[in-house]
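Spelled out, the chains give:
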Amino acid sequence: MTDSKLSWRSRLRRWRNAKIADPAFQAKSLKIPGVSMVARRKADQLFELTAGFVYSQILFACVELDLFKHLKDGPRSIDELHRLTGMDHDPLVTLLSSAENLDLFTRGDDTGWWLSDLGTVVAHEPGIEAMIRHHAMLYKDLSDPVALLKNRGPDAEIAKFWAYPHARHDAIADDHASSYSDLMAVSQAAVAGQVLAAYDFSAHKSLCDIGGGHGAFLSAVGKANPNLDLNLFDLPQVAEQGAELMAANGFAHRVTAHGGSFFEDQLPRGMDCYSLIRVLYDHDDHRVEMILSAVHQAMPESATLIVAEPMDGTARSERLIGAYFALYLWAMGSGRCRSTKRIAELLTQAGFKNAVRRPTPQPLFASLVTASR
C-alpha cells in the first residue's frame with residue numbers, strides 16, 4: 001500500500017518501524033541515555049519470547065522431579081536431591097542452575113539448595129503445579145503450531161481432555177468428567193480469592209454456581225459467608241461428585257446439587273445470586289448467548305450475575321492472558337478470551353442491566369464483571 005493511501009498514524013508507524021530496523025539507528029540508540037534503557041528492555045523481551053519454551057521446560061522438569069516438594073520444608077544438599085530424584089549429579093546441577101537463573105531456586109553458602117520466591121509460590125499452590133503438569137498435553141499440540149492453526153478440531157490433546165464443550169453430557173464418561181473437574185478444583189482456590197476480594201456476598205441469601213464442578217468455588221464462598229444457601233449446577237455426574245465432596249467438607253446442610261446441561265436443561269430458579277466462574281471463555285459466542293439466555297430466564301428480578309474468568313485487556317497482564325488463551329482455546333476447539341467490554345456487550349444482548357467491571361487484585365487469575373436481571 002502506498003503512503004498516499006495510509007493515514008498519518010500509519011505513515012508514522014511505517015517510519016518508526018524502518019528506524020527501529022536500521023542497524024545504524026540501533027547502534028546510535030545504545031549510546032543515548034534513556035533510549036538505551038528502552039532498547040535493552042526490548043531486547044530482553046525479544047529474547048524471553050525466543051527462549052520462552054526452554055524456560056517452560058525447565059519449570060516442567062522441576063515439577064516432574066518433585067523438586068518444589070522436596071525443598072518445601074527447607075534446604076537440601078545436592079546428594080540428598082540426587083537420592084530423592086534418582087537423577088545423576090551433573091544433569092541435576094544443570095537443571096538446578098538453570099532454574100536458579102529463573103528465580104525458582106537459590107544456592108545457600110553451605111546449606112544446599114533453597115526455594116526462591118517464585119519456587120515458594122509453586123510449592124505452596126497446588127493449582128499452579130497441576131496446571132504445569134497439565135501443559136504436557138498443550139506442548140504436544142504446539143509442537144507444530146502452524147498445523148494446529150490450520151487444522152482446528154477434536155484430535156488435539158487439549159480438545160480430547162476438555163470434552164464437555166463438544167459432547168452431549170450423557171456421552172462423557174464419569175472418570176473423564178472427574179479428571180477435568182479435579183484439575184479445575186485445584187486451581188479454583190486462586191480464582192475464588194479474586195472474586196471474594198472484589199465482591200461482597202453478604203447481602204445475598206442464596207448462590208447458584210453454574211458449571212460449578214466439584215464445588216471448590218462454592219465452598220470458598222460458603223466458608224466466607226456462613227448464612228448463604230449454596231446451589232451447585234453441573235453435568236449430573238459432576239454435580240453428584242461435587243455434592244459428596246462438599247458434604248464431606250461440612251456443607252451437607254447447605255448445598256443442593258442440580259444435574260443437567262445449560263444447553264439442554266432448565267437452570268435452577270429463584271436464587272438472588274448466580275455465578276459463571278471460568279465458564280464463558282470455554283465457548284464460542286453463539287453458545288455463550290445460549291448460556292446467558294438460560295441464566296437470565298432462571299433469575300428473578302433484581303438478582304445478580306457474577307462472571308469471573310481470565311479476560312483480555314490493555315494492561316500487560318491482560319495482554320499476556322489474551323495471547324496465552326488464544327492458542328490454548330484454539331487447541332481446545334472452543335471458546336475465546338474476551339475483554340470485559342465484550343462480556344458486557346453479551347450480557348446486555350441477553351437482557352442484563354448494569355454490567356460493570358469490578359477490579360480484582362490479580363487479573364492473571366481472574367477478572368470480574370457483574371450484572372443484574
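I will try to describe carefully the structure that is included in this document. Just so it is clear, the structure is predicted and the values come from calculations on it, not from any experiment.

**Topic: the nonpolar core**
At step 1: By size, the foremost hydrophobic cluster in this structure holds 28 residues, and its most contacted members are Y274, L276, L292, V295, L305, L347 and F352.
At step 2: Setting aside chain neighbours within four positions, we find V295 in contact with L267, Y274, L276, L305 and F352.

**Quick notes on the packing of aromatic side chains**
At step 1: If you walk through the whole model with that rule in mind, you get ten aromatic pairs.
At step 2: Residues Y199 and F201 carry aromatic rings whose centres are separated by 5.0 Å and whose planes lie at 80° to one another, so their mutual orientation is edge-to-face. For the pair shown, Y199 and F201 are each scored as buried.
At step 3: Taken together, Y281, Y324, F325 and Y328 form an aromatic cluster joined through their ring pairs.
At step 4: Here the guanidinium or amino end of R152 rests over the ring plane of W330, the centre of that ring lying 4.4 Å away.
At step 5: In this arrangement the basic side chain of R287 is found over the ring face of F263, its NZ or CZ atom lying 3.9 Å from the centre.

**Some thoughts on the pattern of salt bridges**
At step 1: Counting across every chain of the model gives twelve salt bridges.
At step 2: The shortest N-O distance in the salt bridge between R133 and D66 comes to 3.0 Å. Placement of R133 in helix α8 (residues 126-141) and of D66 in the loop between α3 (35-64) and α4 (67-70) is noted, with a sequence separation of 67 residues between them.
At step 3: On the accessibility criterion, R133 (29% relative accessible area) is partly exposed.
At step 4: In this structure D66 comes out as partly exposed when scored by relative accessible area, which is 26%.
At step 5: With a closest N to O distance of 3.2 Å, E345 and R342 form a salt bridge. Taken as a pair, E345 and R342 lie in helix α16 (residues 340-349) at a separation of three residues, close to a single helical turn.
At step 6: Connected through shared salt-bridge partners, E64, D66, K69, E129 and R133 make up one network.

**Quick look at the sheet that holds strand β9 (residues 367-372)**
At step 1: Ordered by their spatial adjacency, seven strands build an open sheet running β5-β4-β3-β6-β7-β9-β8, and the pairing between neighbours is mixed. Of all the strands in the sheet, just β5 (255-259) and β8 (353-358) have a single pairing partner and so form its edges. Within the sheet, the average angular offset between the axes of one strand and its neighbour, ignoring direction, is 20°.
At step 2: Pairing geometry for strand β3 (residues 206-210) and strand β6 (residues 273-277), over four bridges, is parallel. Directly across from L207, in β6, lies its bridge partner C273.
At step 3: Packed on one face of the sheet, helix α12 (residues 216-224) meets β3, β4 (229-234), β5 and β6 and runs near 160° to β3.

**Considering the pairing of β3**
At step 1: In terms of burial, β3 is a largely internal element, five of the five residues being buried.
At step 2: The side-chain alternation of β3 yields two buried faces, one formed by S206, C208 and I210 and the other by L207 and D209.
At step 3: Bridging between β3 and β4 involves five bridges; their strand directions are parallel. Bridged to I210 within β4 is F233.
At step 4: In this fold, the crossover linking β3 to β4 by way of α12 has right-handed handedness.

Criteria and cut-off values
- Residues numbered from 1 in each chain as written.
- Predicted model: local features only at pLDDT ≥ 70, side-chain atom pairs only at ≥ 80, totals over all residues.
- Heavy atoms only, no water.
- Core = buried A, V, L, I, M, F, W, Y, C linked by side-chain atoms within 4.5 Å.
- Buried < 20%, exposed > 50% of the residue type's maximum accessible area, 1.4 Å probe, protein only.
- Contact = heavy atoms within 4.5 Å.
- Phe/Tyr/Trp six-rings, centres within 6.5 Å; stacked < 30°, edge-to-face > 60°.
- Lys NZ or Arg CZ within 6 Å of the ring centre and 35° of its normal.
- Salt bridge = Lys/Arg side-chain N within 4 Å of Asp/Glu carboxyl O.
- Helix = DSSP H or I, 4+ residues; strand = E, 2+ residues; numbered from the N terminus.
- Pairing = 2+ DSSP bridges.
- Axes fitted to C-alpha atoms, helices over the stretch in contact; angles between N-to-C directions.
- Right-handed = clockwise from strand over helix to strand, strands pointing away.

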